[in-house]
Amino acid sequence: PRLLSQFFFADERVTRVVAEINGLDAELDPQQYLVLLNQLHLSQAHLLAVLERIMEECIPTQRHSRDYLVKFPEELLVDNLGNHMLFAAECLLAGTFLEVEESDGAQLRPQARNLLCSLELVRTVLREQSLSQPSSYPEPVRAVLIQFDRLFAEFELSYVSSLVAVKSPEEIYRQQEIIVLFCETVERALHLGYLTQEMIDGYEPLLMFTIPRLAIISGLLIYPEGPLSLERSPEEMSQVFSPFYNLLKKIRDLLWVLSAEELCLLERSLCTAE
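Rules behind the numbers
Residues numbered from 1 in each chain as written. Predicted model: local features only at pLDDT ≥ 70, side-chain atom pairs only at ≥ 80, totals over all residues. Heavy atoms only, no water. Helix = DSSP H or I, 4+ residues; strand = E, 2+ residues; numbered from the N terminus. Rg over C-alpha atoms; globule rule 2.2 N^0.38 Å. Buried < 20%, exposed > 50% of the residue type's maximum accessible area, 1.4 Å probe, protein only. Contact = heavy atoms within 4.5 Å. Areas by Shrake-Rupley, 256 points an atom, 1.4 Å probe, with all protein chains shown as cover. Lys, Arg positive; Asp, Glu negative; His and termini not counted. Charge placed at Lys NZ, Arg CZ, Asp CG, Glu CD. Salt bridge = Lys/Arg side-chain N within 4 Å of Asp/Glu carboxyl O. Expected span 1.5 Å × (residues − 1). pLDDT = per-residue confidence, 0-100. Phe/Tyr/Trp six-rings, centres within 6.5 Å; stacked < 30°, edge-to-face > 60°.

### Structural notes on the overall build of the protein
Part 1: A count of helices and strands for the protein gives ten helices and zero strands.
Part 2: Listing each helix as α and each strand as β along the protein from the N terminus yields α-α-α-α-α-α-α-α-α-α.
Part 3: For 274 residues, the compact-globule estimate of 2.2 N^0.38 gives 19 Å, and the protein exceeds it by more than 25% at 26 Å.
Part 4: The C-alpha extent of the protein, read off along each of the three principal axes, is 75 × 45 × 35 Å.
Part 5: By the burial criterion, 37% of the 274 residues in the protein qualify as buried.
Part 6: The long-range fraction of contacts in the protein, counting pairs at least 24 apart against all pairs at least 6 apart in sequence, stands at 70%.
Part 7: Within the structure as shown, the protein displays about 16,100 Å² of accessible surface, and the carbon and sulfur contribution to it stands at 57%.
Part 8: Across the protein, 22 positive and 41 negative side-chain charges occur, with their mean positions spaced 3 Å apart.

Below you can see the structure in the form of structure tokens.
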């Protein structure tokens, strides 16, 4: 049950698979080479998972901030992101630029080298600690973990930033405004009887369509200075709505001519239409 013991066996597995890969002629047995690569991927993922738990246990208050993750596109926030970063660092160090431009890769290589060297040091230190005192984390162990955690975070942010356009602080704030708009829309819909608490508590599938529809009306009429404000330019709006700027203007113009009764009828119909 001790994490250092788990780390020892996870590290042993990675070492064994790497040795098998190094002793194999990939051209003579490409199928076995692919099998071993997959085993290496899985064993490294397990090693990183155990290492993550060790850092949470050993340096919980000294972890490097991961606030930058909110800037990443949601499709990148997957469970194996850490393992992907490790693979990317290995490729960069080998001079292979699979996902990034060569110029970006050249700039990232020093970070990749530092990260992989730090990982090797962590593996050495934790192996020695697991064989001597597997229930404690002395200061030298904590120091190498803190350094690795920082280098990993810095490489992760730099590498992903070279792949995709990460969200700016302004875009993050705009998306927070949309969250507030949706919350206020739900509160208003409950007050007017468009929705029921039971629908929300039961995760009624229709809400996936109803709430955004009502939020557009709320954003254009009820909270015109909010995230759907058409007084802003499209560039100043969230990327969620900026592509529909002209369509939103047409919708707003149509809403302006509705009476209170007609608006209520429209909103109720949006709560039932498929």
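### Points about the environment of Pro 140
Part 1: Mapped onto the elements of the fold, Pro 140 is located in helix H5 (residues 139-163).
Part 2: Look at Pro 140 and you get exposed, because its relative accessible area is 56%.
Part 3: C-alpha separation for the pair Pro 140 and Val 125, spaced 15 residues apart in sequence, amounts to 8.4 Å.

### Quick word on the pattern of salt bridges
Part 1: Counted according to the given criterion, the structure contains 13 salt bridges.
Part 2: Across the pair Asp 149 and Arg 63 runs a salt bridge whose closest N-O atoms are separated by 3.0 Å. Here Arg 63 lies in the loop between helix H2 (30-58) and helix H3 (81-93) and Asp 149 lies in helix H5, a separation of 86 residues in the sequence. Like Arg 63, Asp 149 is buried.
Part 3: Residues Glu 177 and Arg 232 are paired through a salt bridge, measuring 3.4 Å at the closest nitrogen-oxygen approach. Of this pair, Glu 177 sits in helix H6 (residues 169-192) while Arg 232 is found in the loop between helix H8 (207-222) and helix H9 (245-256), placing the two residues 55 residues apart along the sequence. The burial state of Glu 177 is the same as that of Arg 232; both residues are buried.
Part 4: One network of salt bridges, in which partners are shared, links Asp 11, Glu 12, Glu 120, Arg 123 and Arg 127.

### Topic: H3
Each α-helix turn comprises 3.6 residues. Residues three or four places apart therefore point the same way.
Part 1: With 13 residues, H3 extends 18 Å between its outermost C-alpha atoms, agreeing within 8% with the 18 Å of an ideal straight helix rising 1.5 Å per residue.
Part 2: Within the span of H3, buried status applies to Leu 81, Asn 83, Met 85, Leu 86, Ala 88, Ala 89, Cys 91 and Leu 92.
Part 3: Contacts made by the buried residues of H3 are with H2, helix H4 (102-132) and H5.

### A closer look at the confidence of the model for the protein
Part 1: Taken over all residues, the pLDDT of the protein has a mean of 89, while the share at 70 or more is 99%.
Part 2: Taking the mean pLDDT of every element in the protein, the minimum, 88, falls on H3 and the maximum, 94, on helix H1 (residues 3-22).

### Some words on H8
Part 1: Compared with the 22 Å implied by 1.5 Å per residue over 16 residues, the 20 Å span of H8 between its first and last C-alpha is markedly short.
Part 2: Here H8 has its buried residues at Leu 207, Thr 210, Ile 211, Leu 214, Ala 215, Ile 217, Ser 218, Gly 219 and Leu 220.
Part 3: On its buried side, H8 packs onto H6, helix H7 (197-201), H9 and helix H10 (260-270).

### So, the packing of aromatic side chains
Part 1: Applying the stated criterion across every chain, the model contains three aromatic pairs.
Part 2: Plain terms: the ring middles of Phe 148 and Phe 152 are 5.7 Å apart, the flat faces sit at 65° to each other, and that makes the pair edge-to-face. With Phe 148 and Phe 152 both in helix H5, this residue pair falls four residues apart, about one helical turn. Of the two residues, Phe 148 and Phe 152, both sit in the buried class.
Part 3: Centroid distance Phe 155 to Tyr 159: 5.6 Å. Interplanar angle 25°. Geometry classified as stacked. Here the residue Phe 155 and the residue Tyr 159 both occupy positions in helix H5, the gap between them amounting to four residues, near one helical turn. Of the two residues, Phe 155 and Tyr 159, both sit in the buried class.

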